[in-house]
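# Notes for the structure review
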Amino acid sequence: MGDPRSYFHLHLISDSTGETLMTVARAALAQYDNIQPIEHVYPLVRSDRQLDRVLAEIEAAPGIVLYTLMIDEQVQRLERICLKHGVPCVNILDPVFAVFQSYLKVEETRRVGGQHALDADYFNRIDAMHYTMLHDDGQVPEGLDDADVILIGISRTSKTPTCIYLANRGIKAANIPVVPEVPITPLLFEVRHPLVVGLVASAERILQVRQNRLLSLNAIGQNERYVDRQAISEEISFMRRLCGQNDWPVIDVTRRSIEETAAAIMSLMKERKKLPSQVGE
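This structure is a prediction, so every number in the text was calculated from the model and none was measured.

So, how was this worked out
Residues numbered from 1 in each chain as written. Predicted model: local features only at pLDDT ≥ 70, side-chain atom pairs only at ≥ 80, totals over all residues. Heavy atoms only, no water. Helix = DSSP H or I, 4+ residues; strand = E, 2+ residues; numbered from the N terminus. Contact = heavy atoms within 4.5 Å. Areas by Shrake-Rupley, 256 points an atom, 1.4 Å probe, with all protein chains shown as cover. Expected span 1.5 Å × (residues − 1). Buried < 20%, exposed > 50% of the residue type's maximum accessible area, 1.4 Å probe, protein only. Arc of directions from axis to C-beta. Pairing = 2+ DSSP bridges. Right-handed = clockwise from strand over helix to strand, strands pointing away. Patch = residues over 30% accessible without salt bridge, like charges linked within 9 Å, V, L, I, M, F, W, Y side chains within 5 Å. Salt bridge = Lys/Arg side-chain N within 4 Å of Asp/Glu carboxyl O.

## Remarks on the overall build of the protein chain
If you tally the helices and strands in the protein chain, you get nine helices and eight strands. Of the contacts formed within the protein chain by residues at least 6 apart in sequence, a portion of 74% connects residues at least 24 apart. In the structure as shown, the protein chain presents an accessible area of about 15700 Å², 53% of it carried by carbon and sulfur atoms.

In structure tokens form, the structure reads like this:
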């Protein structure tokens with residue numbers, strides 16, 4: 001019997017960290033048991049060039065668009081493209097602004113990123129987001145030791161969204177995919193500062209998510225090994241052995257939300273800080 005869930009593209013566009021959008025979107029999605037979004041998160045969209053990339057992705061994968069942009073020209077461009085392709089486009093703060101304006105009898109200042117105070121925590125989150133986006137999916141292995149946490153795992157274990165969630169809390173998070181027959185960068189085994197955490201899931205869950213991923217890309221039948229249950233089980237076994245050999249903790253994300261996985265990682269980081277430094281570090 002096939003997976004009864006329905007999938008759709010969800011574009012979250014923010015001139016800040018995107019945390020507000022993700023919180024609202026996930027609160028709404030919690031009311032729909034059989035709906036699963038394919039999330040496209042675009043934080044720190046402030047230039048026309050950044051918006052161009054966003055618009056191109058919306059055109060390539062139409063879906064619901066939620067945003068928190070404050071520059072009128074950018075909002076108009078975004079809404080024109082969405083209208084052209086017949087996709088819903090909502091500034092999630094507009095209803096709140098309307099209530100405040102009606103009650104307070106004053107206009108909002110339309111300050112970009114204004115929902116975040118410009119304090120040390122804010123700049124830490126921005127710095128973490130830049131780092132995380134730069135070191136997503138094994139890109140730029142140089143600088144791994146600057147991370148606070150490095151997530152490793154096979155495809156479809158929610159490494160990227162978990163990293164983005166952590167970055168929104170000021171944690172520099174890199175992630176490295178574990179791909180069959182592709183050597184892992186030796187720099188991973190040399191890091192001293194970051195906590196390295198392995199993410200795994202059940203073979204059934206990985207198979208389900210991968211099949212849906214290929215379906216969304218119209219690529220069913222193009223990579224049989226990618227959705228072969230035995231091959232997936234071997235990938236998971238390799239991951240567990242790798243983490244065991246290096247004393248890296250493992251988190252099973254099969255029944256965890258992104259928030260629950262991130263909370264478990266932050267708990268591991270907190271526990272690690274309590275341990276005495278290792279000799280030679």
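## Description of helix H2 (residues 48–60)
Between its first and last C-alpha atoms H2 spans 18 Å; for 13 residues at 1.5 Å apiece the expected length is 18 Å, and the two agree. Burial in H2 covers these residues: Leu51, Val54, Leu55 and Ile58. Buried residues of H2, seen end-on, are gathered within an arc of 100° and therefore sit on one face of the element. Across H2 from its buried face, at more than 90 degrees, point the exposed residues Arg49 and Ala60.

## Structural notes on unusual backbone geometry
The phi dihedral of Val140 falls on the positive side, at around 50°, and the residue is not glycine. Considering the arrangement of structural elements, one finds Val140 in the loop between helix H5 (120–134) and strand E5 (149–153). Accessibility expressed as a relative area gives 36% for Val140, which makes it partly exposed. The phi dihedral of Arg156 falls on the positive side, at around 75°, and the residue is not glycine. Structurally, Arg156 can be placed in the loop between E5 and helix H6 (159–167). Overall, Arg156 belongs to the partly exposed group, its relative accessible area being 35%.

## Description of the pairing of strand E2 (residues 35–42)
The sheet contact formed by strand E1 (residues 6–14) and E2 spans eight bridges and is parallel. Bridging from a neighbouring strand, Leu12 pairs with Val41 of E2. A crossover connection joins E1 to the parallel E2 through helix H1 (residues 19–29); in handedness this β-α-β unit is right-handed.

## A short note on a nonpolar patch on the surface
Residues Val96, Val99, Phe100, Tyr103 and Leu104 make up a contiguous nonpolar surface patch of roughly 560 Å² in combined accessible area. Along the polypeptide, Phe100 turns up in helix H4 (residues 94–104). Judged by relative accessible area, Phe100 falls into the exposed class, the value being 51%.

These results come straight from atomic positions and should not be treated as a statement about function.
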